[in-house]
Amino acid sequence: MITASGVAEVRSACDEARRAGRRVGFVPTMGFLHPGHRSLMRAARVGNDVVVASIFVNPLQFGPTEDLERYPRDLAGDSAAAEAEGVDLLFLPAVDEMYPEPPLTTVHVAGLSEVLCGASRPGHFDGVATVVAKLLSIVGPCTAYFGRKDAQQLAVVRRMVSDLHLPADVVGCPLVRERDGVAMSSRNAYLSEEDRRAAPVLFGALRAAAAAVTGGERSGGALRRLIAREVAREPRVALEYVATCRPDDLEPLDHLEGDVLVAVAARVGSARLIDNITLCIRDADVVADLGVVTDRPESEVLCAER
Ligand code: PAF
């Protein structure tokens, strides 16, 4: 594995790979890699000749009171993990390399950026869209891999790539869970022992929602109330929002039919956690994508079907 910190070096390595007819797969991350990130690298490894990953804690996507300074970092562990997953080129830019000057140009994906997490994190998705646009322009035409845990991020990135005709295919990969159902996140490192014990209530509530829909519930309002009730059983967890919406444009859904994203965000101690499931509802048939559990094969999607 080659590591590089310069934009020019990464651009020319990717150009050269493409000139030689090789497919480039790209996994952008902020590091502190966990099995969720590693599953993206594995997906990229399977589908491409050259795998590029980046680790960059992007200041532009953190609000002034957010956790930029304390965001967990582990460069040695991350390099070892990336190498073990077959990454060929690890891009580790410094802030000055990505932002030699404060950017006057940013990317705003209207509407999609303001709802759900965007409501309490103003500017966050502009920061994400801007850095992803920059990274895609550096790596060049490629297939880029994102986790479905950040469902809103995935929707924002997909729409940006489509609106700007960026030469990238965006692939959404399954959300990866710990054995007790907690969605994997670098920010889980902030959880105290008690908070970590409380955290599975979020997946428990989403699973109860999937069961209710499988049992015939089609009201978005009733589903959101069910989730709020389930989460309220755990006093350490403060629900920030629960949404039922379309996965691509995040339009709220009150009648549950077709593809439905059920998304939650909650404060657990000093951590802000997000989680979601996607339901595919066709009349009486329901397929629930609840994600995958970390120590099972990636292909084993937990399904509830009727
Ligand atoms: O999901 C993340 O880790 C980040 O938001 C991303 C996509 C790497 C952009 O900084």
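Everything quoted here is computed from the prediction, not taken from an experiment. (Residues numbered from 1 in each chain as written. Predicted model: local features only at pLDDT ≥ 70, side-chain atom pairs only at ≥ 80, totals over all residues. Heavy atoms only, no water.)

K.L.:
Break down the overall build of the protein for me, with residues and values.
P.N.:
Scanning the protein from N- to C-terminus turns up ten helices and twelve strands. For a compact globule of 306 residues, the expected C-alpha radius of gyration is about 19 Å, and the protein comes in at 19 Å, within 12% of that figure. Summarising its shape, the C-alpha atoms of the protein cover approximately 55 × 40 × 40 Å along the three principal directions. Buried positions account for 51% of the 306 residues belonging to the protein. Taking all contacts inside the protein whose residues are at least 6 apart in sequence as the whole, residues at least 24 apart take part in 69%. For the protein, the accessible area works out to roughly 13800 Å², and carbon and sulfur atoms hold 52% of it. Seen as two clouds, the 34 positive and the 43 negative side-chain charges of the protein have centres 3 Å apart. (Helix = DSSP H or I, 4+ residues; strand = E, 2+ residues; numbered from the N terminus. Rg over C-alpha atoms; globule rule 2.2 N^0.38 Å. Buried < 20%, exposed > 50% of the residue type's maximum accessible area, 1.4 Å probe, protein only. Contact = heavy atoms within 4.5 Å. Areas by Shrake-Rupley, 256 points an atom, 1.4 Å probe, with all protein chains shown as cover. Lys, Arg positive; Asp, Glu negative; His and termini not counted. Charge placed at Lys NZ, Arg CZ, Asp CG, Glu CD.)

K.L.:
I'd like to hear about the layout of surface pockets, residue by residue, with values.
P.N.:
Its boundaries defined by the atoms lining it, the second largest pocket holds a volume of some 240 Å³. If you trace the second largest pocket, you find 17 residues lining it, with Ile55, Phe56, Val57, Arg73 and Leu75 closest to the centre. Partitioned by chemical class, the residues of the lining of the second largest pocket number 13 nonpolar, one polar and three charged. (1 Å grid on protein atoms, 1.4 Å probe; cavity = no way out; pocket = protein on both sides within 12 Å on 5 of 7 lines; lining within 4 Å. Points joined across faces, edges and corners; volume = space filled by probe spheres on them. Nonpolar A, V, L, I, M, F, W, Y, C, P; charged D, E, K, R; others polar.)

K.L.:
Could you give an account of the sheet that holds strand 3 (residues 50-55), naming the residues involved and the relevant values?
P.N.:
Strands sit in the order 1-4-3-2-5-6 across an open sheet of six strands; the sheet is parallel. Two strands bound the open sheet, and with one partner strand each, they are strand 1 (2-4) and strand 6 (168-173). If you compare each strand with its neighbour and ignore which way they point, the axes differ by 25° on average. Judged from the three bridges that link them, strand 1 and strand 4 (residues 89-91) form a sheet pairing that is parallel. Looking at strand 4, one finds that Thr3 is bridged to Leu90. Packing against the sheet, helix 1 (residues 7-19) makes contact with strand 1, strand 2 (24-29), strand 3 and strand 4, and its axis sits at approximately 150° to strand 4. (Pairing = 2+ DSSP bridges. Axes fitted to C-alpha atoms, helices over the stretch in contact; angles between N-to-C directions.)

K.L.:
I'd love a proper account of the pairing of strand 11 (residues 285-289), names of residues and values included.
P.N.:
Only one face of strand 11 is buried: it carries Val286 and Ala288, and the other face, with Asp285, Val287 and Asp289, is open. Two strands pair when backbone bridges link them, and strand 10 (residues 271-282) and strand 11 are joined in this way by five bridges, in the antiparallel orientation. Within strand 11, the residue paired with Leu279 across the bridge is Ala288.

K.L.:
Report on the packing of helix 9 (residues 201-214) against helix 10 (residues 220-232), specifying residues and quantitative values.
P.N.:
Taken N-terminus to C-terminus, the directions of helix 9 and helix 10 make an angle of 145°; their axes are 9 Å apart at the nearest point. Helix-helix and strand crossings are classified by hand; for helix 9 and helix 10 the assignment is right-handed. On helix 10, the residues that touch Val201, Leu202, Ala205, Leu206, Ala208, Ala209, Ala212 and Val213 of helix 9 are Leu223, Leu226, Ile227, Glu230 and Val231. (Left-handed = near helix turned anticlockwise from the far one by under 90°.)

K.L.:
An account of unusual backbone geometry is requested, with residue identities and associated values reported.
P.N.:
Backbone geometry follows two general trends: most residues other than glycine have a negative phi, and most peptide bonds adopt the trans configuration. At His165, a position not held by glycine, the phi torsion is positive, near 50°. Although it is not a glycine, Leu250 sits at a positive phi angle of roughly 60°. If you trace the backbone, Leu250 turns up in the loop between strand 8 (237-245) and strand 9 (258-268). What makes Leu250 buried here is its relative accessible area of 5%.

K.L.:
So, the site of the ligand: which residues are in play, and what are the values?
P.N.:
Around the ligand, the structure places Pro28, Thr29, Met30, Gln61, Val131, Phe146 and Gln153. Between an oxygen atom of the ligand and a side-chain N or O atom of Gln61, the distance comes to 2.6 Å. Between the ligand and Gln153, the relevant distance is 2.6 Å, taken from an oxygen atom to a side-chain nitrogen or oxygen of the residue. Residue composition of the shell around the ligand, by class: four nonpolar, three polar and no charged. (Near = heavy atom within 4 Å. Polar contact = N/O pair within 3.5 Å; in protein donor to acceptor, adjacent residues only side chain to side chain.)

K.L.:
Explain empty space enclosed by the protein to me, using residue names and the numbers behind them.
P.N.:
All chains considered together, the criterion is met by two cavities of 30 Å³ or more. Size it by volume and the largest cavity reaches roughly 60 Å³. Take the lining of the largest cavity: its biggest share by element is three residues, from strand 10. Among the residues making up the lining of the largest cavity, the classes are represented as six nonpolar, two polar and two charged. Estimated volume of the second largest cavity: approximately 50 Å³. Considering the residues around the second largest cavity, the lining is formed by Arg148, Leu175, Asn276, Ile277, Thr278, Asp289, Leu290 and Gly291. Considering every element that reaches the lining of the second largest cavity, the biggest residue donor is strand 10, with three residues. Class assignment of the residues belonging to the lining of the second largest cavity gives a composition of three nonpolar, three polar and two charged.

These values are about where atoms sit, not about what they do.
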